[in-house]
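Spelled out from the first residue to the last, the chains are:
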Amino acid sequence: MTKKLRTEEEKEMVEKMIRIYCRKKEGNHSLCPQCQALLNYAHRRLDACRFGQNKPTCKQCPVHCYRPDMKAQIKNVMRWVGPRMVFYHPMTALKHLLRELTPH
Ligand SMILES: [Zn+2]
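Sequence order as written defines residue numbering, which begins from 1 separately in each chain. Residues qualify for local features only when their pLDDT is at least 70, as the model is predicted, and side-chain atom pairs are given and counted only at 80 or more; totals for whole chains, interfaces and linings, by contrast, use all residues. The side-chain figures draw on all heavy atoms in the structure; neither hydrogens nor water molecules are used.

**Structural notes on the coordination of the zinc ion**
Here a donor is an N, O or S atom found within 2.8 Å of the metal, or within 3.2 Å if the metal is Na, K or Ca; sites may look incomplete because water is not among the atoms. The protein atoms that coordinate the zinc ion are C22 (SG), E26 (OE), C32 (SG) and C35 (SG), at distances spanning 1.8 to 2.3 Å. Geometry at the zinc ion is tetrahedral, judged from its four donor atoms and the angles of 104 to 116° they form at the metal. A four-donor site is called tetrahedral if each angle lies between 85 and 135 degrees; a four-donor site is square planar, and a six-donor site octahedral, when trans pairs exceed 155 degrees and the remaining angles lie between 65 and 115; all other cases are labelled irregular.

**What to know about the pattern of salt bridges**
What counts as a salt bridge is simple: a side-chain nitrogen of Lys or Arg found within 4 Å of a carboxyl oxygen of Asp or Glu. Under the criterion given, the structure shown has five salt bridges. Between E8 and K11 there is a salt bridge, with its nearest N and O atoms 3.6 Å apart. Note that E8 and K11 are positioned in helix α1 (residues 6–25) at a spacing of three residues, about one turn of the helix. Here R19 and E15 are joined by a salt bridge, their closest N and O atoms 2.9 Å apart. The helix count covers DSSP runs of H or I at least four residues long, the strand count covers runs of E at least two residues long, and both are numbered beginning at the N terminus.

**Thoughts on a nonpolar patch on the surface**
Together, M91, L94, L97, L98 and L101 give the surface a local cluster of nonpolar side chains, amounting to about 550 Å² of exposed area. With respect to the secondary-structure elements, L97 resides in helix α4 (residues 90–101). Taking relative accessible area as the criterion, L97 reaches 48% and is therefore assigned partly exposed. Patch building starts from residues that exceed 30% relative accessible area and form no salt bridge, then joins like charges within 9 Å and nonpolar side chains (Val, Leu, Ile, Met, Phe, Trp, Tyr) within 5 Å. Throughout, the Shrake-Rupley method with a 1.4 Å probe supplies accessible areas, and for residues the shown protein chains are the sole cover considered. Here the term buried applies to any residue with accessible area under 20% of the maximum for its type, exposed to any over 50%, and partly exposed to those in between, with areas from a 1.4 Å probe on protein chains only.

**Considerations on the nonpolar core**
Ranked by internal contacts, the top residues of the largest apolar core, which has 22 residues, are I18, C35, V77, V81 and M85. No other element matches the seven residues that α1 contributes to this core. Should any heavy atoms of two residues lie within 4.5 Å, those residues are considered in contact. Not counting the four nearest positions on each side in its chain, M85 is found in contact with M13, M17, I20, P90, T92 and A93. What we call a nonpolar core is a set of buried Ala, Val, Leu, Ile, Met, Phe, Trp, Tyr and Cys residues that are connected through their side-chain atoms within 4.5 Å.

**Here we look at the confidence of the model for the protein**
The pLDDT value tells you how sure the predictor is about a given residue, anywhere from 0 up to 100. Across the protein, the average pLDDT comes to 83, with 80% of residues at 70 or higher. When mean pLDDT is taken per element in the protein, helix α2 (residues 33–48) scores highest with 93 and α4 scores lowest with 78.

**Focus on helix α3 (residues 68–88)**
With 21 residues, α3 should cover 30 Å at 1.5 Å per step; its first-to-last C-alpha distance of 28 Å lies within 8% of that length. Bend, at a single residue, is the angle you get between axes fitted to the 7 residues ending at that residue and the 7 residues starting at it. Its maximal kink placed at G82, α3 deviates by approximately 50°, while the proline P83 follows within four residues. The span one expects for a helix is its residue count, reduced by one, times 1.5 Å.

**Observations regarding the environment of E10**
One can find E10 in helix α1. The spatial distance from the C-alpha of E10 to the C-alpha of L46 is 7.7 Å, given a sequence separation of 36 residues.

This is the structure in structure tokens:
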């Protein structure tokens, strides 16, 4: 397995979370336009992240780079999906948790 870039991992993670939210919370079969826009936005923010490969998780990140409306949306998603991540993607959740706990 090749080591993935951290921002790429974060992209996958945020995509998983948004997809779970849209499907389970909103009951959509495929990503609705609003969630798609949020996902695109999140990916662009990660591309632009000035921390690059030393990026902390966004919760730890000292730079709050999200636009206020997008920030409110992603917070909503995280709050709803967060406790359910262990169930849907146990490995991803665990990895993220370990990262949050690791001092940087
Ligand atoms: Zn949606």
